[in-house]
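# Working through the structure, step by step
Listed below, chain by chain, are the residues.
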Amino acid sequence: MGEMLREKYVRQPTPFCAGCGHGIFMNAFLHAADEMGLDFRGTVFVSGIGCGAWVPSPHFRADTLHVTHGRAIAFATGVKLARPELNVVVISGDGDIATIGGNHLIHAARRNVPIKVFCLNNLVYGMTGGQVSATTPQGDITSTTPQGNPERAFDLVALARGAGAPYVARFPVVRARKLTKGIINALRFDQFAFMDVLSLCPTQYGRANRAKLGFEGPSLIWGMLEWQKEVCVNREKAGPEEMNGKILIGEWYAES
Amino acid sequence: MSKDRTFTIQLDEDLCKGSDCYICVNACPKGVFAEGERITPKGLRPSQVKDPDECIGCEICEFLCPDLGITVEEVGGTERVITSTPKGGATAPASGGWTTVQSSLDPGTHYMIGDEACAEGAIAAGCRFYAGYPITPASEIMVHMAKRLVQTDGVFIQMEDEIGSMAAVIGASWAGIKSMTATAGPGFSLMTENVGYACMTETPCVVVDVQRAGPSTGQASRPASGDVMQAKWGTHGGVEIIALAPWSVQEMYDLTIKAFNLAERFRVPVILLADAVTGHLRESFQVEETMELFDRIKVPGAPPFGSDDESGVPSMPSFGEGEELLITGSTHDRYGVRKTADPVVHERLVKRISKKIIAHMEEITDYELYFEDGAQRVVVAYGSTARSALWAVKAARERGERVGMLRLKSLWPFPGELIRDWGRRCEEFIVPETNLGQISQVVQQHTANPVSLVSQTNGEIMDPRRVRDFLMGRKSH
Ligand SMILES: Cc1ncc(C[n+]2csc(CCOP(=O)(O)OP(=O)(O)O)c2C)c(N)n1
Ligand code: SF4
Ligand code: SF4
């Protein structure tokens, strides 16, 4: 599959660091797109600025709109309203979508513009050197919080649901098959869909927090993937005790 | 996943990023992969398939490889069918250029405020997408568009801010729809980053700035012309821009149509620099039966971001036409491929998106002359200030002063040649402005003659007596 997906959908190899979680998402996205038969020709991918934003542009063989930092959802809103027959898919980082661009996110959710938003949440600003993001957990080390992040992080699922998003999901890249199924569900959903994709940045977040979070293992990225497995629990399966300190994953549909 | 099936595993060594990854090595439950032994010319040590016979076909390696470097296939298994639509060539027909169309308003005399006339001009020009955020004194444009776009099957959206408004307008333009926004100073400031994005991506659109007295919130419903330099230099990077300055309700209509034509013709954002006077004034204006409209040139398959002509305007395709568009505000070649460290590509791009404007100066420049005969002193005015200035020039002429007036309908690119020409024939320029002196400085750059500024920054329309007194040699200003 890997080779076929590459040939069919990808223009060129990615410049991401070795083991970058964004690459794993890209892989899952293409598996999903192929499985569901997403029409790339009728799809516009919109992304902002950051490593995550590079997943669709310049890689996908489709129309891509690589825009200013934080504004992907606003550009996508324009595209979708102007040409409702096009699939409009936003793929960008947590800094882009949920920090500088948070205002556009909540309003797109509220308006229920039928675009799909995949927020590649690696808990940090990867591209610019590992600065703190609105999704960096409290206490974690980043280049601008050397003593630990004093601020609380956004729970993007709660944020998007609170803003009225009718489909919200969260999957970690380590659960690649679940993630793939979720992507299909999001893409097939006929209204606004938001996914908090738990990605990983070994270079900026991994190195800085290796000791603190105990990313043990034969390699840093593998330690981080193991950590994801450990901290994520399915929302259906989690009782109150299991939830303590854990991250809920799964899908949330608004009751209609 | 049982062992009576066998699988082949392909690992693309050119894609594998090696030892800092080795996700496959660690993920495979059967130990199929091993750390590599060979070091590539790039200095990487790709993983290797050590025990393919152990593979149970779980495909976890294939799914987790960040570089799509692994393909697992069952020997003798059914080949997977590619379900997505294969890539097709670009199919849209070639289109664009000048056409004559019926006016959307009934021909004849209409009576409206300038903001409404601007909205009507936009509808007449074929604008079918408006995104904006309320702000005085531009809100009436938005309110009128909200009504008119319902009647014309267009799209209207009130966005969450002006940053998003400008973004949505650019998105809609690439979706193939003529689009606009309107705002005033504070909102224009918020739009500037995306105005630069429109310059860099060569996106046609119209931005109306109904100027009010600033800085900051200033005086919300009072006129000024403090955004003239901002229109030109507001976005970072410094490229040429087109800006027009209407002085009447008639021109709020006419120049909005012209703004769309220039935007489509040159694939640029065009700024309409109105002000609180021209926006709120109620006057009659004339609508002709037909008008000339320009639609962006589209040549399927042509490079969308480059031209052999160093001042050329490339073909503009839209989304959904199979062009696989790569649109980016980062430096890009003629196909949109990012070249963010290539000095040649960067210089060529930045020069072309400026030259395509400068080289067509004559086509863009628009002005009117008054009392030019024997004028020794020339008043250069624009926007609502030109109304006061013309009164003053008339008054001075009646008293025997040899003054004339040049009214600039287009401010950017600045018609320096015109000033140079007049500089040879006249002795002095006088520039009345409702700011601290913006166009006056530009006029001075193009002449050795003395240039005097008559500045007024009190949030009022330029006092005509102030200009007259200056022209009569009374120093009341
Ligand atoms: C207006 C603006 N501010 C700042 C930047 C610099 N910048 C580029 S990417 C980025 C952060 C990206 O972080 P994120 O979206 O989380 O993506 P990641 O690189 O982690 O995938 C910043 C701050 C910019 N390009 N534009
Ligand atoms: S800096 Fe982080 S997010 Fe960016 S490519 Fe490297 S690992 Fe991925
Ligand atoms: S997962 Fe892919 S990139 Fe990583 S080591 Fe294996 S083949 Fe190489």
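Predicted model, so just to flag it, every value in this text is computed and none were measured.

The next subject is the site of ligand 1. Residues in close proximity to ligand 1 total 17 residues, the closest being His22, Cys51, Gly95, Asp96 and Gly126 of chain A. Close to ligand 1, residues of chains A and B are found. Between Gly95 of chain A and ligand 1, the recorded distance is 2.8 Å, taken from a backbone N or O atom to an oxygen atom. In the environment of ligand 1, an oxygen atom lies 3.0 Å from a nitrogen or oxygen atom belonging to the backbone of Val124 of chain A.

Under the defined criterion, the tally for this structure stands at 21 aromatic pairs over all chains. With a centroid separation of 4.6 Å and an interplanar angle of 50°, the aromatic rings of Tyr9 of chain A and Phe40 of chain A are classed as tilted. Residue Tyr9 of chain A is found in helix α1 (residues 2–9), and its partner Phe40 of chain A is found in the loop between α2 (21–36) and β1 (43–47); the two are separated by 31 residues along the sequence. Using a relative accessible area of 2% as the deciding quantity, one classes Tyr9 of chain A as buried. Given the relative accessible area of 4%, Phe40 of chain A is considered buried. One aromatic cluster is present, formed by Tyr9, Phe25, Phe29, Phe40, Phe45, Phe60 and Phe118 of chain A through successive ring pairs. Its end group placed over the ring of Trp247 of chain B, Arg407 of chain B keeps NZ or CZ at 3.9 Å from the ring centre. Lying over the aromatic face of Trp422 of chain B, Arg425 of chain B brings its terminal NZ or CZ to 4.4 Å of the ring centre.

On to the site of ligand 3. All names here are of chain B. Within the structure, ligand 3 sits among Cys16, Lys17, Cys21, Tyr22, Ile23, Cys24, Ser47, Cys65, Pro66, Asp67 and Ile70. Among the cavities detected, the one that contains ligand 3 is the largest cavity. Partitioned by chemical class, the residues of the shell around ligand 3 number 8 nonpolar, 1 polar and 2 charged.

On to the interface of chain A and chain B, then. Each partner contributes residues to the interface: chain A has 68 residues there, and chain B has 65 residues. For the pair chain A and chain B, the two sides together bury roughly 5500 Å², of which 57% comes from carbon and sulfur. A salt bridge links Glu59 of chain B to Arg177 of chain A, with the shortest nitrogen-to-oxygen separation between them at 3.6 Å. The tally of links between chain A and chain B comes to 31 residue pairs in polar contact (both at pLDDT 80 or more). Elements with a minimum of two residues in the side of chain A that touches chain B: α1, α2, β2 (63–66), α3 (72–82), α5 (102–111), α7 (176–188) and α9 (220–231) of chain A. The element that contributes the greatest number of residues to the side of chain A that touches chain B is α2 of chain A, accounting for 9 residues. Note: β2 of chain A against strand β15 (residues 326–328) of chain B, 3 bridges, orientation parallel. Counted as the bridge partner of Thr64 of chain A is Leu326 of chain B from β15 of chain B.

According to the domain assignment, chain B contains domain 1 (1–77), domain 2 (97–296) and domain 3 (367–471). The distance between the C-alpha centroids of domain 1 of chain B and domain 3 of chain B comes to 75 Å.

Take the side chain of Thr278 of chain B next. Residue and element names in this part refer to chain B. Secondary-structure assignment places Thr278 in helix α9 (residues 276–280). Residue classification places Thr278 among the buried residues on the basis of a relative accessible area of 0%. Of note is the side chain of Thr278, whose polar atom sits 2.9 Å from the backbone nitrogen of Asp275. Setting aside residues up to four positions removed in sequence, Thr278 forms contacts with Gly114, Asp115, Pro246, Trp247, Ser248, Met252 and Ser384.

Thresholds applied
The written sequence of each chain sets the order in which its residues are numbered from 1. Chain letters and ligand numbers both follow the written order, the letters beginning at A and the numbers at 1. Under the rules for a predicted model, residues below a pLDDT of 70 receive no local features and side-chain atom pairs below 80 are neither given nor counted, while totals for whole chains, interfaces and linings still include all residues. Note that water and hydrogens are dropped before the side-chain values are worked out from all heavy atoms of the structure. Near, as used in this document, describes a residue that has one of its heavy atoms within 4 Å of the molecule or strand being considered. Here a polar contact means two N or O atoms within 3.5 Å. Within protein one must be a hydrogen donor candidate and the other an acceptor candidate, and residues neighboring in sequence count only if both atoms are side-chain atoms. Two aromatic rings, drawn from Phe, Tyr or Trp (for Trp, its six-membered ring), form a pair once their centres lie within 6.5 Å of each other, and the interplanar angle then sorts them: stacked below 30 degrees, edge-to-face above 60, tilted otherwise. Where helices and strands are cited, they refer to DSSP runs of H or I of at least four residues and of E of at least two residues respectively, numbered from the N terminus. Any residue under 20% of the maximum accessible area for its type is buried, any over 50% is exposed, and the rest in between are partly exposed; the area is computed with a 1.4 Å probe on protein chains only. Each ring is checked for a lysine NZ or an arginine CZ that lies within 6 Å of its centre and within 35 degrees of its normal; such an atom marks a charge sitting over the ring. Two kinds of site are reported from a 1 Å grid over the protein atoms alone, namely cavities, where a 1.4 Å probe fits but cannot get out, and pockets, open sets with protein on both sides within 12 Å along at least five of seven lines, and residues are called lining when an atom falls within 4 Å of a point. A molecule is counted as occupying a cavity or pocket when more than half of its atoms fall within 2 Å of that pocket's grid points. Throughout, the ten residues Ala, Val, Leu, Ile, Met, Phe, Trp, Tyr, Cys and Pro are labelled nonpolar, Asp, Glu, Lys and Arg are labelled charged, and all others, Gly among them, are labelled polar. Only heavy atoms matter for contacts: two residues are in contact if any of them lie within 4.5 Å across the pair. Note on definitions: buried area is the accessible-area loss of two parts on being combined, 1.4 Å probe, summed for both. Salt bridges are defined as contacts in which a side-chain nitrogen from Lys or Arg sits within 4 Å of a carboxyl oxygen from Asp or Glu. We call two strands paired when DSSP finds no fewer than two bridges between them. Per the annotation, domain bounds derive from an automatic or database assignment of domains.

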